[in-house]
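Residue-level listing of the chains:
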Amino acid sequence: MVKRKSEVKKGHGIEIDIADALEGLSRDKDIDAETIKLAIGEALIDTAKKKISKDLDLECEYNPDDKKFELYQFKKVVEEFVENEYTEISLDEALEYDPEITIGEEIGIPFEMNTRIDAYVARTAIIRKIREAEKKMVYNEFKMRVGELITGNIKNVEGDDKKSGAFVVDIGKTEAVLYAKDKPEKENLRLGDKVQAIIIKVEETPKDGYIVKLSRKDPKFLIKLFEKEVPEIYEGVVEIKDAVRDPGKRAKVAVYSTDPDTDPVGACVGLKGQRVKNIVTELKGEKVDIVVWSPNEVKFACNAIAPANVVQVIQDDSNRTMDIIVPNEQLSLAIGKKGQNVKLASKLVKWELRILSEADHQRIEEKGLDQLSKLTTIDSADATALYKLGFKTLEDIVDAPVSDFPMLPGFNKELISKLKDEASEFLRVYGSEVEREKEIIQKNYLEQLDEEDDEENETTEELEEKEDEIFLTPEEIVLSMPGVDQDVWIRLNVADYYSVEDILKEDSIESFAQKGGFSFSKAKQIINAAKQTLRKLKRKNG
């Protein structure tokens, strides 16, 4: 009978000390015994090939009865002349192993490793293979955990550059890396800090085997924090449809309830706002807007632009834009600091949202009526009538089908067709006054936002030179107080203290300490600092 690789006789083997410790290795390394056996077998084969010949065709099996690893060498049976002793065997020699073997067949014979290979070399190779198997196992595990929220401790900080540095995080079975570019710029992390993040990627590397990458900037990190904090999300009653962030500054989260009796915003905010406060604390003070998602895109856009109220929405499906008209006094609120509110709302809704005040919108409409009045096909009375019936621009006339036009006196298909042709030609020659006016308005907004960016990017030296001229925000004033750092500021925010005045409104030190989670001495220090700061401000302002 011909001996195939899976059919070779047992009985010849080699004793390797590590074989007796398979169960212990499996337990200590948290690797299953079969994986360790496979690693040992690969190590023995690799070592044999390296020491003797790469032409060797070997198979390794573990015999649990005598706790031996058995190596078998496979050779092709030839008549007499053996050209390669590592790959061929003469028929006479092969018949000693198997009386039924014939020329051209392959036979597996015991390979006596102990006498030909240094045991120390084999043991070293085995240990290396087990380490590789361990790394591969951890890599496969964490590859399946991409997107998962994980907690660890910072055990090393590499590099000083805030953008190119990295934090090595101990996450139990392995170490992960949180690059500085994957966390908010103003977020300060130190050696030994406990940190939460999500796994964004697991990469194989030639040197270390793999690298687990973390992020605290990814919007999915915010989603995972909500999933952890809000039971209704875990239960499937509340869904997070999407989230967008300006990391460290502001975020918007779209939520939806599958149960009409459950308020999705209320569930995410929690009793007395505790759930969202916990999330804001973890995000080091990042403001989070919770928005009700709607399948109606216009309604969703109105929800997303909150806290500003919306007067009217003009939707352009072909260009996927919406003009959001808001009260004059809420224009800045709708746009947000440096355009933050409208930018995040646009990302969340996935439409370009253009904010216009009522005054701006009225001016735009006047431009539209002015262009309508320039058409010769109709008189000014017809132009006004069309305008009042919803045809406010030349584009409205060009885009509308004939059937949509009202049956005004004297209007017929021929007149409407002529009107559409004239409007189209007018736009081709002169362009759209409405669009030009919108561009001017948006350009003015952008220039204002750029000025805000320039102001914020001023250097520390420039700010110090202008100290007497600059108006400090309540946050900046509180953070300038002795004993108040970013962590204290976040605690103050969570307890609804946003200014020096808020702190000094508190009736007693005990009450302030309890609400802010401070010790009595720390609370007293903050209150005294607030009193001193207020006195300085009053002296400075006369």
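Just above sits the structure.
Residues numbered from 1 in each chain as written. Predicted model: local features only at pLDDT ≥ 70, side-chain atom pairs only at ≥ 80, totals over all residues. Heavy atoms only, no water.

A. The overall build of the protein, seen in detail. Along its length, the protein carries 22 helices and 15 strands. Counting only residues that meet the buried cut, the protein has 42% of its 542 residues in that class. The contacts in the protein between residues at least 6 apart in sequence include a share of 59% that link residues at least 24 apart. Surface exposure of the protein reaches about 31000 Å², of which carbon and sulfur atoms provide 48%. (Helix = DSSP H or I, 4+ residues; strand = E, 2+ residues; numbered from the N terminus. Buried < 20%, exposed > 50% of the residue type's maximum accessible area, 1.4 Å probe, protein only. Contact = heavy atoms within 4.5 Å. Areas by Shrake-Rupley, 256 points an atom, 1.4 Å probe, with all protein chains shown as cover.)

B. How the structure looks around a positive patch on the surface. Taken together, Lys531, Arg535, Lys536 and Arg539 make up a surface patch of like positive charges. Its place among the elements puts Lys536 in helix H22 (residues 520-540). In this structure Lys536 comes out as exposed when scored by relative accessible area, which is 53%. (Patch = residues over 30% accessible without salt bridge, like charges linked within 9 Å, V, L, I, M, F, W, Y side chains within 5 Å. Salt bridge = Lys/Arg side-chain N within 4 Å of Asp/Glu carboxyl O. Lys, Arg positive; Asp, Glu negative; His and termini not counted. Charge placed at Lys NZ, Arg CZ, Asp CG, Glu CD.)

C. Quick look at the sheet that holds strand S10 (residues 238-246). In spatial order, the strands read S10-S11-S12; together these three strands make up an open sheet with mixed pairing. The sheet terminates laterally at S10 and strand S12 (287-292), the two strands that pair on one side only. Ignoring strand direction, the axes of neighbouring strands in this sheet form an average angle of 20°. Summarising the sheet, S10 and strand S11 (residues 250-257) pair through eight bridges and their orientation is antiparallel. The partner of Ile240 across the bridge, within S11, is Val255. (Pairing = 2+ DSSP bridges. Axes fitted to C-alpha atoms, helices over the stretch in contact; angles between N-to-C directions.)

D. Broad picture of the sheet that holds strand S15 (residues 352-357). Strand order in the open sheet made by the three strands is S13-S14-S15, with mixed pairing throughout. In the strand order of this sheet, the two ends are held by strand S13 (312-316) and S15, each with one partner. For this sheet, the mean angle separating the axes of adjacent strands, direction not counted, is 20°. Pairing between strand S14 (residues 321-326) and S15: six bridges, direction parallel.

E. View of the nonpolar core. Residues Ile305, Ile324, Leu348, Val349, Leu353 and Ile355 are the most contacted members of the largest nonpolar core, which totals 28 residues. Taken together, the elements giving at least two residues each to this core come down to helix H9 (297-304), S14, helix H10 (331-335), helix H11 (340-349), S15 and helix H16 (433-456). Among the elements that make up this core, the one with the highest residue count is H11 (five residues). Not counting residues within four places of it along the chain, the set of residues in contact with Leu348 comprises Asp242, Ala243, Val244, Lys252, Ala254, Val291, Phe300 and Ala304. (Core = buried A, V, L, I, M, F, W, Y, C linked by side-chain atoms within 4.5 Å.)

F. Structural context of helix H2 (residues 33-51). Compared with the 27 Å implied by 1.5 Å per residue over 19 residues, the 27 Å span of H2 between its first and last C-alpha is a close match. Within the sequence span of H2, burial applies to Ile36, Ala39, Ile40, Gly41, Ala43, Leu44, Ile45, Thr47 and Ala48. (Expected span 1.5 Å × (residues − 1).)

G. Region of interest: the pairing of strand S5 (residues 149-158). Relative to strand S8 (residues 194-203), S5 runs antiparallel, the two being bridged by five bridges. Counted as the bridge partner of Thr151 is Gln196 from S8. The pairing of S5 with strand S6 (residues 166-170) spans five bridges and is classified as antiparallel. By the bridge assignment for S6, Asn156 is matched with Val168.

H. Highlighting the packing of H9 against H11. Running from N to C, H9 and H11 cross one another at 150°; their axes reach a closest spacing of 9 Å. Here H9 lies roughly antiparallel to H11, going by the angle between them. Two packed elements cross with a definite hand, and for H9 against H11 that hand is right-handed. Where H9 abuts H11, its residues Glu297, Phe300, Ala301 and Ala304 lie against Asn341, Ala345, Leu348 and Val349. For the contact of H9 with H11, the class distribution of residues is six nonpolar, one polar and one charged. (Parallel < 35°, antiparallel > 145°, perpendicular 65-115°, else oblique. Left-handed = near helix turned anticlockwise from the far one by under 90°. Nonpolar A, V, L, I, M, F, W, Y, C, P; charged D, E, K, R; others polar.)

I. Examining the pairing of S6 more closely. The element S6 is extensively covered by neighbouring structure, given that four of its five residues are classed as buried. Across five bridges, the pairing between S6 and strand S7 (residues 175-179) is antiparallel. Across the sheet, the residue bridging to Ala166 is Tyr179, located in S7. Linking S6 back to S7 in an antiparallel pair, the connection comprises four residues, with Gly172 at a positive phi of about 100°.

J. Geometry of the environment of Glu501. Note that Glu501 resides in helix H20 (residues 500-504). Through-space distance from the C-alpha of Glu501 to that of Lys531 is 9.1 Å; in sequence the pair is 30 residues apart.

K. The packing of helix H5 (residues 219-229) against helix H8 (residues 274-282), seen in detail. Packing of H5 against H8 brings their axes to within 10 Å, and their N-to-C directions diverge by 140°. The orientation of H5 relative to H8 falls into the category oblique. Considering the relative orientation of H5 and H8, their crossing is right-handed. Between H5 and H8, the residues in contact are Phe221, Leu222, Leu225, Phe226 and Glu229 and Arg275, Val276, Asn278, Ile279 and Glu282, respectively. For the contact of H5 with H8, the class distribution of residues is six nonpolar, one polar and three charged.

L. Focus on the pattern of salt bridges. Scanning the entire structure with this criterion turns up 23 salt bridges. A salt bridge links Glu239 to Lys241; the shortest N-O distance between them is 3.2 Å. The exposure class of Lys241 is partly exposed, given its relative accessible area of 37%. One salt bridge connects Lys350 with Asp242, and the closest N-O pair in it is separated by 2.6 Å. Of the two residues, Lys350 is situated in the loop between H11 and S15 and Asp242 in strand S10; the sequence distance between them amounts to 108 residues. Overall, Asp242 belongs to the partly exposed group, its relative accessible area being 22%.

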